[in-house]
Structures are given as structure tokens and as C-alpha cells.
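Understanding the architecture of this molecule
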Protein chains: 2
Amino acid sequence: MKKLLLAAIMLAPAVLPIHAQDAAPRSTSTRATAESLMRAAKPTLELDTTMSAEQFATWRKKMGEGMARIMKHPAAPVAAPVKVAEAQRDGYRIERWISYPLPESAVAFYVLIPNGVTAENPAPAVLCIPGFGQTKELVAGERQGNFDLVGEPDSVLRKAAMAVHFAKEGLVAVSVDNPSCGELSDNGVADYVTSSRFLLEIGWNYLGLASWQDKVILDWMKTQPEIRPDRLIVSGFSLGTEPLMVLGMLDDSIYAFVYNDFLCRTRERALVMNKPNQNGARFFPNNDEHLIPEFLTTFDFPDVVAALAPRPVICTEGGMDRDFKIISKAYEIAGAPENFEYHHYAKYADPANRQYLDSLPNGLDRNEFFRLANVDSPNHYFKLEWIMPWLHNLMAKDKK
Amino acid sequence: MKKLLLAAIMLAPAVLPIHAQDAAPRSTSTRATAESLMRAAKPTLELDTTMSAEQFATWRKKMGEGMARIMKHPAAPVAAPVKVAEAQRDGYRIERWISYPLPESAVAFYVLIPNGVTAENPAPAVLCIPGFGQTKELVAGERQGNFDLVGEPDSVLRKAAMAVHFAKEGLVAVSVDNPSCGELSDNGVADYVTSSRFLLEIGWNYLGLASWQDKVILDWMKTQPEIRPDRLIVSGFSLGTEPLMVLGMLDDSIYAFVYNDFLCRTRERALVMNKPNQNGARFFPNNDEHLIPEFLTTFDFPDVVAALAPRPVICTEGGMDRDFKIISKAYEIAGAPENFEYHHYAKYADPANRQYLDSLPNGLDRNEFFRLANVDSPNHYFKLEWIMPWLHNLMAKDKK
């Protein structure tokens, strides 16, 4: 005892974490411990690109079941949306509708119906989901806060007005708010984090609610005579790509997807973006509206995009070629390689300007992460220059 | 169609959330929606004070199972703690040990052994869990950062040095860190929120880890010859009361509990502390280290304290008489009314100075909540004046 004790004291620097039987060093930092727990928890449904077409089909089914388990959408039937206002715009009619996704809530949305589109002449339709801090008014080309569509629309046609751009192409375009922002703000304050906290307390999550609100509207779209239910597109900008991925996993009837953000492995980003700031503090790369317990231990974003195969997808803001290779391979397995299209930021369009990494190194800050992931964040916007030609091809193919 | 549309337009103020079949008004605020979802999710195991002794026993069992389900403690066996340093102090010996709660981590703790306590003359023991921002060194009366116990202890004996106060009473006292603070900080930064985020991502939570680290040490205490395993006390200060409640639900062999914080219904607090600040923003009353998905939909703090019955508990910093009445009733049902003792803050000791509410009103800020819950937060400290007499009685009873 005495001898053992002396030995112990002799090898007792303050943070001696090694246990006699240890192979690897141990950490005293709780954050480092939690980080390695997450590192060890590899996504259970990670894509295996050596799968056969049959195995791929089975995997896609599991991906859908996994997403349904995590999103916890209500089973109760919802009341039908009600139209409460409408106005004529240049080339289309805009309508304000209110949906009732939960007994407690009312969620408004806009429907843009191009002139000439009728029950007798239905059109393809697109559900437009905005980014963080954006509103359905911005997306619909209306003035901020003009919920009742009174008077004139927005004086300028912005790139972010994706619903307008789609309507001018002849599609019925629906524009929605994400929870906690715009008309869904609390007291005029966009409170993503606080709303997320309440949802997490009861075992739900922000994306679960966001995707449920969108699903209620998407399902309603299928019942509208002016809309071709077999030609539904979901277009997500930035934060809006998250509900897009959920809807894509839960609903095989969706026809195509516009993924307007850079694509990355969100789990990897959380594990490598851990450079301490000047005070030594290390953070998590995003806020609690992105906290979906057990999402990243089930699949990462590229896995989900790959599981959209064989349906047409366009990714417009690049990322790591590593991930695009894998998704392209998935589309090959699914027998539709031509249905996955992706574009890098102009800054990284030239392959010579891109980083090609199999994995990202530890200790990155946000800027270093963006550089290594080929992301030009100042040029994050709705990429009409890629999306509209892609849409024309999609529609042309359809006419054949 | 046209007629219906006109009608709709006529009743179309911007935020008309009512659906034709609605009984209650609906909200457009996501936070308000999430709040009402939480309001509707009453704790499934809420205490029913009309229970029989038999029903109470069954309920206690369910409470333990519920806590185990939520805490998700690892099943894998852990390596035995190792002693790495020791020093003699005035009236007791202090030892530094390192525990290995997870393969990735090393968690140090101190053991204070009063002079004269030996394997032949074992003593009761107390596990001392500090509050937010406090360290095991503070609790053990050692200098901050002096992990190896080199040289002199802290120059003053602070109230917060609960382990020292217990050791001076003849108990073996163990002092631990909470995760993310003190020696478990990351880079010298106490990062409760970031650590919690990583744990939540993988489907675990801060309290799950904190209580697991403490359980590993508590279980080790039972194996020590100087300790009477049938006389283990858990003493929690502030944040430390949370792992105390968990250990109490999971381990019926714990003898008694010191709950040194005000007691409140944490779920109710989150639902009523929603007064907007000057910018209109409404917040959640605490940070993510307190976010335990589905905890508050299973039970609230008073339910858990009630389920500690029939074992001795002292609550030292008051709260609402409503809750103490219910807990006292639970102790009556369990046949040990004398085993629940509680004290209000001096400021509220006179019943005439207390608020007596069956439920708290909406729209409170922190100060209003404290006032209505009889909390004198500036006087939040380890209440030796109540705890030591309680301890003497407990020990005296034991000698009978």
C-alpha cells in the first residue's frame, strides 16, 4: 500500500489521465470527451457506395424510416388550409392561405399562380423554403410585413424572390416561413433558439416542426386542381435545405429538388471546427435550431442527398468533391446518373482552385473550414444562373 | 368559389389565426406554439398525493425506471479509480483519486478522511457535488488549480467548502467536479453549453454524463473499507442538486440527501418566466446544461424529491409551500413524515413574508419569479446553520 502510494505520487502531474491499462490517452476536458463520443458515433446509415441497386433501394427505405423516427411528425389529421386574401401581380395571381399544422398554431403561406394556369390547365409546382432570417414575403416578392398583400409588391425583383422567379417560368410557386421568423416570430423577434429549446425539452426539435409545417402545405398542394401532383419540386435556400432533405426522405412522390447551399458533412464540421478563440474558448458551429438529437449519428447531409436518388437534384453552391463523388456514385447505383447536377461557387469553378481532401483536419476556424470546403460565403445567394437552365431541361425532358 | 373568397377576404386581418372549427385562439408565434405544446405535455409521472403506500412504492419504482431511461448511463464496466496523491490537513487526510467513467475520459476527485477513521473504524460518508462555476478544490478547501495538493490548503475555510465541514464532523467526504468546469474545463474555459451540445447531438445530455461520473464515484465509495456503505449521504449545492436527484432515483442504498438550493417546478418556471425584455425578446430561464429532453415531460423537481421518500432529505433554501406540502404528504404516505425537513430563506422565514400561490402567473421576469417563489438569491450559499444540526440528529438517531 505504502509503496504503491509513493509510486502513485511520483507519477502525479496535475492532469495525469492515463489508466494503467490505457492504450490511448484520456482527456480531462468534458468537451473533448463529448467530442470523441460523437467521433465514435459514426452514422449508422452512412452510405456504402459498393451497394447493389437492390441494396440501395433497401437502404433508401431505411433512410426514410430513420428520418421519420427522428422528425416525430404528428399522426393527427390537420384542418384544411383556408384562403384569406389574394391580389393580382405582373404575370401571376398571389393568394394568402392559412394552414393549421397543430391545434395550437396557424401558419400562413402564399401561393403564386401564373396567368393561364387553371384546373383545366394545371402546372408543375414548387415549394419554396427560405433561409435563416428570410421571410415568405421576401421569397414571394412582397413587401416585408405586408401579410395581407395590400397595395404594391416589392419594388425590386430580388434574387431571393425564388417563388416569383419560378412563377414567371410557369410554375405554381408556394412560399413559406420557417418557424420562429417572419410572421412566425415571437413579439416581432426571430427567436429560433428559444423556440428550439422548448421543442427539445418535450423531445421534439426545430427541424421536426419546420418539416411538419412544410409537409402539411406540400400535401395540400397535391390536392389543388391547378397543380400537377406528379410534378412537385422542393426548393430550399440555406436553412431551407434542411426541411427539403426531410421532405425528400419522407415523400417519394416529390419530383425534383433545388438544394441551394454548399453541401458538407455537418457532423465532420462540428468535429473539426474547434480552433479556440483568443480566450481559449471553442464553440459549436451552429445554434440550437440545428440541434436534432441523433440526426448526425444516423446520417449526415451527403447521405440524405444521395438517398434522394434517382430523383433530379441540383446542388448550386459546391462543397467538397469527395462528397459529390459519393452522391454521383449513388445516382449511378440508382440508375439515373444524369439526375444529379452540382455546381461549385464561381471562385472555385476552376478545378485548380479547389481543395481536394478526403477528410478535414482538426483545429479549423470558420474561415479555414470554408476555404477547405470550397465555400465562398460572401456569394451565398439563390443561383438563378444554374437553377433556371436546369429547370428548363427538366421541363423539356418532361415534354418529350 | 367567388362568394367564399369574398367572405374570406372580408375577415382577413394580417394575423387571423382562427380556424372555423376552433374553440381556442391559435398563435402565429412559434415560441408560443412550442410553449403550449410543453404546457400540454404534463409530466406523465406527476405525483398523486392520494396514492396508497402500495401505489406510492409502485410509483417510486416507475420514477427510477423513468430516470434511468432519460439518463442513459453506460452499461460497460469501468476501470477502478487510482490514487495519485495525498496530503495531511488539519484533522483529516486528503487524497486525490482519478476515476475512469468512460474510455475517453479521466475524472479526478478528492477524498477527505478524518483522523481516526480506518478500515477498523469506518465512518459514514458524503458525496459533495458543487454548484455552477464551482470546483472540487473549492468544495474540498484546497487552492484553485492545486490539483496535486502541493503545499498548503485554502487560507480560509469557506462555507462552500462543504467536504471540509463534513470531514470535521467525522464523515469521509468526497468532492467532485461537475462536467465542463474546473479540472474538467476545456482549455481552461468552463464550457457547459458547448459540451452539452455535443452530448445532445448524440442523444445524451449533460445531466446524464454528470450523474454517471458521480455514480461511478459513489459506487466506488461503497467499496472503501473506511466507509460505511449503508451510511452514504449525497449533498448537492445548486447545480449539484440535479445529479443528487438522479442518484437518488437510481440508487435506493443512499441513506440521506442534502438539497441545498431553492426547490421549484422547473417546468412551470419555464412556462411563466416569459416577460419580454425591452427589445421584445423572451428567453428560456436556463442554459443547455439543463436541457434534458423529456425530463420535464416525465416528472418535475418536486416529484423527484418526493420520490426520495422515505429517506431523510433536507431542503435548505425554500421555495413554494405548495410544493413542500406535496412532498411532506409523500413522506406521510411513505410512513416517514419526520424524514423530510425544509427551511425557507431567512428573508421568508416568517410565514407572513411568504407568497402562497397554487400556480405562478404568466409573464414573469427573473426577479418577479424569485419573489413569488420566496427565493432570496443574493443569499444563495451552503446553509451550514441548517445542515449541521440536521446531520447531528441524523447521526444521533443512528446511535440509538
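Residues numbered from 1 in each chain as written. Chains lettered and ligands numbered in written order. Predicted model: local features only at pLDDT ≥ 70, side-chain atom pairs only at ≥ 80, totals over all residues. Heavy atoms only, no water.

1. With respect to the packing of aromatic side chains
Residues and elements named next belong to chain B. All told, the structure shown has 32 aromatic pairs over all chains when counted by the stated rule. Measuring from ring centre to ring centre gives 4.2 Å for Phe-324 and Tyr-342, while their planes differ by 5°; the resulting arrangement is stacked. You can see Phe-324 sitting in helix H11 (residues 321-333) and its partner Tyr-342 sitting in strand S9 (residues 340-342), a full 18 residues away along the chain. Its relative accessible area of 0% is what places Phe-324 among the buried residues. Of the residues examined, Tyr-342 reaches a relative accessible area of 30% and is grouped as partly exposed. (Phe/Tyr/Trp six-rings, centres within 6.5 Å; stacked < 30°, edge-to-face > 60°. Helix = DSSP H or I, 4+ residues; strand = E, 2+ residues; numbered from the N terminus. Buried < 20%, exposed > 50% of the residue type's maximum accessible area, 1.4 Å probe, protein only.)

2. Comments concerning helix H11 (residues 321-333) of chain A
Residues and elements named next belong to chain A. Helix length check: H11 (13 residues) gives 18 Å between terminal C-alpha atoms against 18 Å at 1.5 Å per residue, within 8%. Among all positions of H11, only Asp-321, Arg-322, Asp-323, Phe-324, Ile-327, Ala-330, Tyr-331 and Ile-333 are buried. Looking at the buried side of H11, the elements it contacts are helix H3 (53-71), helix H9 (266-272), helix H10 (301-306), strand S8 (313-315) and strand S9 (340-342). Positive phi appears at Gly-335, one or two residues downstream of H11, with a value of about 80°. (Expected span 1.5 Å × (residues − 1). Contact = heavy atoms within 4.5 Å.)

3. Regarding helix H2 (residues 30-40) of chain B
Burial in H2 of chain B covers these residues: Thr-30, Arg-31, Thr-33, Ala-34, Glu-35, Leu-37 and Met-38 of chain B. At its buried positions, H2 of chain B is contacted by helix H6 (192-201) and helix H7 (206-221) of chain A together with helix H9 (266-272) of chain B. The opening residue of H2 of chain B, the one whose side-chain oxygen lies 3.3 Å from the backbone nitrogen of Arg-31 of chain B, is Ser-29 of chain B. (Polar contact = N/O pair within 3.5 Å; in protein donor to acceptor, adjacent residues only side chain to side chain.)

4. Quick look at the sheet that holds S9 of chain B
Adjacent strands of a sheet form backbone hydrogen bonds with each other and so pair up, either parallel or antiparallel. All names here are of chain B. Judged by pairing direction, the sheet is mixed, and its nine strands sit side by side in the order S1-S2-S3-S5-S4-S6-S7-S8-S9 without closing on themselves. Edge strands, defined here as strands with exactly one partner in the open sheet, are strand S1 (79-89) and S9. Within the sheet, the average angular offset between the axes of one strand and its neighbour, ignoring direction, is 20°. Summarising the sheet, strand S7 (residues 256-260) and strand S8 (residues 313-315) pair through three bridges and their orientation is parallel. Bridge pairing in S8 links Phe-257 to Val-313. (Pairing = 2+ DSSP bridges. Axes fitted to C-alpha atoms, helices over the stretch in contact; angles between N-to-C directions.)

5. Focus on the relation of the copies chain A and chain B
When chain A is brought onto chain B, the operation consists of a screw motion whose angular component is 180° and whose axial shift is 0.0 Å, with 0.0 Å RMSD remaining. Taken together, the rotation and translation describe the operation of a two-fold axis. (Least-squares fit on C-alpha atoms with pLDDT ≥ 70 in both.)

6. A word on the pattern of salt bridges
Enumeration according to the criterion identifies 72 salt bridges over all chains in this entry. The partner of Asp-288 of chain A in a salt bridge is Arg-197 of chain B, with the nearest N and O atoms 3.6 Å apart. Here Arg-197 of chain B lies in helix H6 (residues 192-201) and Asp-288 of chain A lies in the loop between H9 and H10, a pairing that spans two chains. With respect to burial, Asp-288 of chain A and Arg-197 of chain B carry one shared label: buried. (Salt bridge = Lys/Arg side-chain N within 4 Å of Asp/Glu carboxyl O.)

7. A short note on the sheet that holds strand S7 (residues 256-260) of chain A
Residues and elements named next belong to chain A. With mixed pairing, nine strands are arranged side by side in an open sheet as S1-S2-S3-S5-S4-S6-S7-S8-S9. Two strands bound the open sheet, and with one partner strand each, they are strand S1 (79-89) and S9. Averaged over all neighbouring strand pairs, the angle between strand axes comes to 20°, with direction disregarded. The pairing of S1 with strand S2 (residues 92-100) spans eight bridges and is classified as antiparallel. Across the sheet, Lys-83 pairs through a bridge with Trp-97, a residue of S2. In this fold H7 packs onto S1, S2, strand S3 (107-114), strand S4 (123-129), strand S5 (172-176) and strand S6 (227-237), with an angle of close to 170° to the strand it touches most, S4.

8. A few points about the environment of Val-258 of chain A
All names here are of chain A. For Val-258, the position within the fold is in strand S7. C-alpha separation for the pair Val-258 and Asp-398, spaced 140 residues apart in sequence, amounts to 17 Å. Apart from the residues lying within four places of it in its own chain, the contact partners of Val-258 are Phe-166, Ile-233, Val-234, Ser-235, Gly-236, Leu-244, Ile-314, Phe-382, Ile-387 and Trp-390.

9. Points about the pairing of strand S4 (residues 123-129) of chain B
Residue and element names in this part refer to chain B. Of all seven residues that make up S4, seven are buried, and the element is covered over most of its length. Note: S4 against strand S5 (residues 172-176), four bridges, orientation parallel. Directly across from Cys-128, in S5, lies its bridge partner Ser-175.

10. Points about the confidence of the model for chain A
Residue and element names in this part refer to chain A. The share of residues in chain A with pLDDT of 70 or more is 94%, and the mean pLDDT across the chain is 94. When the criterion is pLDDT under 50, residues 1-15 qualifies, and its contacts beyond four places in sequence or with other chains add up to 19 contacts. Here the complex is predicted with pTM 0.95, and the ipTM for its interfaces comes to 0.94. (pLDDT = per-residue confidence, 0-100.)

11. Remarks on the interface of chain A and chain B
Listed as interface residues are 84 residues of chain A and, on the opposing side, 84 residues of chain B. Interface of chain A and chain B: buried area, both sides summed, is about 6,800 Å²; carbon and sulfur atoms make up 60% of it. Ranking the residues of chain A by area buried against chain B places Arg-197, Phe-198 and Glu-201 of chain A at the top, with a combined share of 11%. The residue Glu-294 of chain B makes a salt bridge to Lys-72 of chain A at a minimum N-O spacing of 4.0 Å. If you look at where chain A meets chain B, you find 26 residue pairs in polar contact (both at pLDDT 80 or more). At the level of elements, helix H1 (2-10), helix H2 (30-40), S1, S2, H6 and H9 of chain A are the ones that each hand at least two residues to the side of chain A that touches chain B. Looking at which element gives the most residues to the side of chain A that touches chain B, the answer is H2 of chain A, with nine residues. Classifying every residue of the side of chain A that touches chain B gives 47 nonpolar, 20 polar and 17 charged. (Buried area = accessible area lost by both parts, 1.4 Å probe. Nonpolar A, V, L, I, M, F, W, Y, C, P; charged D, E, K, R; others polar.)

12. Here's the deal with the packing of H6 of chain A against H2 of chain B
Viewed as axis vectors pointing N to C, H6 of chain A and H2 of chain B meet at an angle of 20°, and their least axial separation amounts to 9 Å. In terms of their interaxial angle, H6 of chain A and H2 of chain B are classed as roughly parallel. Seen from above, H6 of chain A lies across H2 of chain B with left-handed handedness. Residue-level contacts link Thr-194, Ser-195, Phe-198, Leu-199 and Glu-201 of chain A of H6 of chain A to Thr-30, Arg-31, Ala-34, Glu-35, Leu-37 and Met-38 of chain B of H2 of chain B. Class assignment of the residues belonging to the contact of H6 of chain A with H2 of chain B gives a composition of five nonpolar, three polar and three charged. (Parallel < 35°, antiparallel > 145°, perpendicular 65-115°, else oblique. Left-handed = near helix turned anticlockwise from the far one by under 90°.)

13. Here's the deal with the packing of H3 of chain A against helix H8 (residues 241-250) of chain A
Residue and element names in this part refer to chain A. Direction vectors running N to C along H3 and H8 enclose 125°, while the axes themselves pass 8 Å from each other. Here H8 runs oblique to H3, going by the angle between their axes. The two elements H3 and H8 meet at a crossing, and its hand is left-handed. Where H3 abuts H8, its residues Met-63, Gly-64, Met-67, Ala-68 and Met-71 lie against Met-245, Val-246, Met-249 and Leu-250. Tallied by class, the residues present in the contact of H3 with H8 amount to eight nonpolar, one polar and no charged.

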